[in-house]
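Here is how the chains run, residue by residue.
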Amino acid sequence: METLANLEAFVRSAEASSFSGAARRLSITPAAVSRNVAMLERNLGIRLFHRSTRKLTLTEAGESFLASIGDSLNHLQGAIDGASQTKGEPVGVLKLSMSLTFAMGYVLPALPDFLARYPGVRPDWHFDSRKVDLIAEGFDAAIGGGFELNPGIVSTTLAPVHVIAVASPGYFAGRRRPTSPADLADHAGILMRSSNSGRIRQWIMRDAQGREERALLNETIVMSDAAPMAQAAIAGLGIALLAVPDVLQHMESGALERILPKWYADAGSISLYYSARVLQPLKTRAFIDFYTEYFRSERLSARFAGSLR
């Protein structure tokens, strides 16, 4: 009888059309996936994939075998999850995706308390700003914004994401402070280039009365990540438009101050994304409940709201 590891390596490789894609989902090396598939082929006595340097494609026998498996693998994994939950306590590897900056500021500080409460959970956390495919890549959950709610995925909103203008207190020595977003055109700008589109991010700011103005900073410095942008602003190199979570701790320490305190841009929300399946692993449910309560107790939703500060 074939092992679950061999069958899963085959199915995930077929889904990803590569051993490396399957390896990312299974959290093992591509070499290990290749070995498992080769063992399955040897045991079955058939060739399942056409291999090339570019991608994998199923052979006719491979297509037939994949069709015969159908949803059996998912049902088996669900049964394993269900059996592990009979213990009544969260256990197992918790595979999570989120950005490094957000993790360092707002998730890792509570990790000791989470692990003290759930010692059977082992974090396997990936720090990446890209929007992962939870199901295809085998993640239990993700924290971020702007994920598509594909079939089988749901979300819980944690906090709003408001973009505000910040600068170091020393930047304004000898400079006139802006009183509206239009005035930002007279200042050095630390701008963000989207890693997806390659374009400079543009923002329309609004105030509590609903007025809107475009924020047009000079392209003095352009970067692709919020953390170095904040550091450049702290160094007095210009004004940056950044999400409150990326600069909140710097504002609380006094390294940065908010410019145009009545104005902000709405960038959506920070949410927890996870599978919608009925038989949800206790480890995932424990993480969702713990961090939802943590955000509530730390008042992070209110603290991230640029419209309320």
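Okay, so let's go over this structure. Here the structure is a predicted model, which means the values were calculated and not measured.

What the protein contains, in helices and strands, is 12 helices and 13 strands. Based on the C-alpha atoms only, the size of the protein along its principal axes is roughly 80 × 45 × 30 Å. By residue count, 44% of the 309 residues in the protein fall in the buried class. Taking as baseline every contact in the protein between residues at least 6 positions apart, the subset at least 24 positions apart corresponds to 73%. Accessible area for the protein stands at about 15800 Å²; split by element, carbon and sulfur atoms hold 52% of it. Side chains of the protein give 33 positive and 30 negative charges; the mean places of these two sets differ by 3 Å.

In terms of nonpolar packing, the biggest core is built from 47 residues, with Phe114, Trp125, Ile143, Phe287, Tyr291 and Phe304 touching the most fellow members. By residue number, the principal contributor to this core is helix α11 (residues 282-297), which donates seven residues. The residues touching phenylalanine 287, leaving out its near neighbours within four places in the chain, are Leu94, Leu96, Phe114, Trp125, Ile143 and Leu272. Residues Phe172, Ala215, Ile239 and Ala265 belong to the second largest nonpolar core, which totals 19 residues.

Mapped onto the secondary structure, aspartate 183 falls in the loop between β6 (153-167) and β7 (188-192). One buried charged side chain, aspartate 183, makes no salt bridge at all; its nearest oppositely charged neighbour is arginine 176, positioned 4.1 Å away. A distance of 2.8 Å separates the side chain of aspartate 183 from the side chain of threonine 179, its partner in a polar contact. Excluding anything up to four places from it in sequence, aspartate 183 contacts Arg176 and Pro178.

The next subject is the pattern of salt bridges. One pass over the structure, following the stated rule, counts 11 salt bridges. For the salt bridge of arginine 206 with glutamate 212, the shortest nitrogen-to-oxygen distance reads 3.8 Å. Via salt bridges that share partners, Glu8, Arg12 and Glu15 belong to a single interconnected network.

Calculation rules
- The numbers attached to residues start from 1 for each chain and follow its sequence in the written order.
- Local features in this predicted model are restricted to residues whose pLDDT is 70 or higher, and side-chain atom pairs enter the listing and the counts only when it is 80 or higher, whereas totals over whole chains, interfaces and linings include all residues.
- Hydrogens are left out, water is left out, and the side-chain values use all remaining heavy atoms of the structure.
- Secondary structure elements follow DSSP: runs of H or I no shorter than four residues count as helices, runs of E no shorter than two count as strands, and numbering proceeds from the N terminus.
- Throughout, exposure labels follow a simple rule: accessible area from a 1.4 Å probe, protein chains only, divided by the maximum for the residue type, with under 20% read as buried, over 50% as exposed, and the rest as partly exposed.
- Residue contacts are counted whenever heavy atoms from the two residues lie within 4.5 Å of one another.
- To measure how exposed things are, a 1.4 Å probe is used in the Shrake-Rupley method; for residues, cover is taken only from the protein chains shown.
- For the purpose of charge, His is not counted, nor are the chain termini; Lys and Arg are scored as positive and Asp and Glu as negative.
- By convention, the point assigned to a charge is CZ for Arg, NZ for Lys, CD for Glu and CG for Asp.
- Working definition of a nonpolar core: buried Ala, Val, Leu, Ile, Met, Phe, Trp, Tyr and Cys residues. They are joined through side-chain atoms within 4.5 Å.
- Just to be clear on terms, a salt bridge is a Lys or Arg side-chain nitrogen sitting within 4 Å of an Asp or Glu carboxyl oxygen.
- Whenever a nitrogen or oxygen atom comes within 3.5 Å of another N or O atom, the pair is scored as a polar contact, on the condition that within protein one atom can donate a hydrogen and the other can accept it, and that pairs from neighbouring residues in sequence are kept only if both atoms are in side chains.

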